[in-house]
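Examination of the molecular architecture
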Amino acid sequence: MATQTQRAPVTETPALSALQRKDAWWVGPLTFFIVFTAFAIWATFRAFQNDYYNTYDLGPLYLSPFYSPTLKRGLKIAGFAISPALIILPFPLSFRLSCYYYRKAIYRAYFADPLACAVTEPKPLERSRYKRYMGERAFPFIVQNFHRFAFYAAVVFIIILWKDTIEAFFIRENGATHFGIGLGSLIFLANILLLSCYTFSCHSWRHLIGGNVDCYSCSLANRTKHGLWQKVSFLNERHGLWAMMSLVSVALTDVYVWLVASRYITDLRLF
Ligand code: FES
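Quick look at the structure, then. Just so it is clear, the structure is predicted and the values come from calculations on it, not from any experiment.

So, about the overall build of the protein. In terms of regular secondary structure, the protein is built from 11 helices and 4 strands. Expressed as a percentage of contacts within the protein between residues at least 6 apart in sequence, the contacts between residues at least 24 apart total 69%. Put simply, the protein shows about 16,700 Å² of open surface, and 67% of that area lies on carbon and sulfur atoms.

Dropping the structure here:
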């Protein structure tokens, strides 16, 4: 007996324009573009300025995060004087640039690839990219797979910046060092808290804490691991927020040190 094949009803592919979102999807990429570009310009200026990065001569023990840890002054490479920030900044920068959140944000804001979920890319870009699209499997983007190692370096920097923050609660007066709180101390504290939230909400850290386990309930050690993983997951769910807030806070901390060190303002002493 002949059987009749039932054809699935032909569904029309919706026009791409119909997939376009009607909400303000562009606010996120545009905001990121403005904030990150401003940060890059400021950080580049400060890295090359090689001055006004601590306030040790003025009393408060503030050291700009761009110049921490303190390296020998007058560094030279191949006979050329070099700013310590140029040696320091590649470490935190490689951590941020290989971060999963920044990767997404940079692809969207700078490469329009894609602009946002369910938003079609500009046609000429779309056509040219399809031919040679390699994603993160080829140079240069494949380098980002080193993120875990950048995380290890970032942890070392967090320890150093916590030390700087404790020192920011001290002031040197008349040859003696004593406890004291200035506006800068509070800015340093806010900055290190945000940086710690950003660093320890990292996906690599979450995997280190909770990964590689088949059964969370099988032993006390694994149950403890699960508890820690849940706490890290709480931070991790807000990773993008910490990423942006810590980017702004680290820049503001440096701006504050620069303003005080160059005597544009005086540190506001609270205690
Ligand atoms: Fe963002 Fe690791 S994923 S810092």
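Here the narrative resumes.
Residues spaced three or four apart along an α-helix point in a common direction, a consequence of the helix completing one turn every 3.6 residues. The end-to-end C-alpha separation of helix α5 (residues 100–111) is 16 Å, in line with the 16 Å expected for 12 residues at 1.5 Å each. Those residues of α5 not exposed but buried are Y102, R103, A105, I106, Y107, R108 and A109. Immediately beyond the C-terminal end of α5, within one or two residues, lies A112, with a positive phi of roughly 50°.

A cluster of nonpolar side chains, namely W26, V27, L30, F33, I34, Y110 and F111, defines an oily patch on the protein surface of about 630 Å² accessible area. Sorting the residues of the nonpolar patch by element identifies α2 (27–49) and α5 as the ones contributing at least two each. If you tally residues by element for the nonpolar patch, the top one is α2, at 4 residues. Mapped onto the elements of the fold, L30 is located in helix α2.

Ranked by internal contacts, the top residues of the largest apolar core, which has 35 residues, are F32, F39, F66, F95, Y102 and Y198. Elements supplying a minimum of two residues to this core: α2, α5, α7 (147–167), α8 (183–199) and α11 (239–261). Top contributing element to this core by residue count: α11, with 7 residues. Leaving out residues up to four positions away in the same chain, Y198 has contacts with F95, R96, C99, Y102, H239, W242, A243 and S246. Judged by nonpolar contacts, the second largest core, of 6 residues, contains F188, Y256, V257 and V260.

Of the volumes computed, that of the largest pocket is approximately 470 Å³. Lining the largest pocket are 26 residues; nearest its centre among them are F39, L89, P92, L93 and R96. Listing elements by their share of the lining of the largest pocket, those giving two or more residues are α2, α3 (84–88), α4 (90–97), α7 and α8. For the lining of the largest pocket, the class distribution of residues is 23 nonpolar, 2 polar and 1 charged.

Turning to unusual backbone geometry, a few remarks are in order. In this structure, P69 follows S68 across a cis peptide bond, with omega equal to 5°. At A112, a residue that is not glycine, the phi angle is positive and equals roughly 50°. Looking at where A112 falls in the secondary structure, it is placed in the loop between α5 and α6 (123–132). Judged by its relative accessible area of 14%, A112 is buried.

Moving on: the environment of A85. For A85, the location among the structural elements is in helix α3. Expressed as a C-alpha distance, the spacing of A85 and Q49, which sit 36 residues apart in the sequence, is 9.2 Å. Not counting residues up to four positions away in its chain, the partners in contact with A85 are A47, F66, Y67 and P90.

Taken as a whole and judged by the stated rule, the model has 1 disulfide. Disulfide pairing places C215 opposite C218 at an S-S distance of 1.8 Å. Taking the sign of the torsion about the S-S bond as the criterion, the disulfide between C215 and C218, at about 90°, is right-handed.

Before going further, it helps to spend a moment on helix α9 (residues 203–210). When α9 is considered as a whole, its buried residues turn out to be S204, I209 and G210. Residues of α9 that are buried sit in contact with α7 and α10 (220–236).

With that out of the way, let us pick up the environment of S249. By the secondary structure assignment, S249 is in helix α11. Sequence-distant contacts of S249, that is, excluding residues within four places in its chain, are made with N191 and L194. Of note is the side chain of S249, whose polar atom sits 3.1 Å from the backbone oxygen of S246.

Reading the values: rules and limits
Residues numbered from 1 in each chain as written. Predicted model: local features only at pLDDT ≥ 70, side-chain atom pairs only at ≥ 80, totals over all residues. Heavy atoms only, no water. Helix = DSSP H or I, 4+ residues; strand = E, 2+ residues; numbered from the N terminus. Contact = heavy atoms within 4.5 Å. Areas by Shrake-Rupley, 256 points an atom, 1.4 Å probe, with all protein chains shown as cover. Expected span 1.5 Å × (residues − 1). Buried < 20%, exposed > 50% of the residue type's maximum accessible area, 1.4 Å probe, protein only. Patch = residues over 30% accessible without salt bridge, like charges linked within 9 Å, V, L, I, M, F, W, Y side chains within 5 Å. Salt bridge = Lys/Arg side-chain N within 4 Å of Asp/Glu carboxyl O. Core = buried A, V, L, I, M, F, W, Y, C linked by side-chain atoms within 4.5 Å. 1 Å grid on protein atoms, 1.4 Å probe; cavity = no way out; pocket = protein on both sides within 12 Å on 5 of 7 lines; lining within 4 Å. Points joined across faces, edges and corners; volume = space filled by probe spheres on them. Nonpolar A, V, L, I, M, F, W, Y, C, P; charged D, E, K, R; others polar. Disulfide = S-S within 2.5 Å. Polar contact = N/O pair within 3.5 Å; in protein donor to acceptor, adjacent residues only side chain to side chain.

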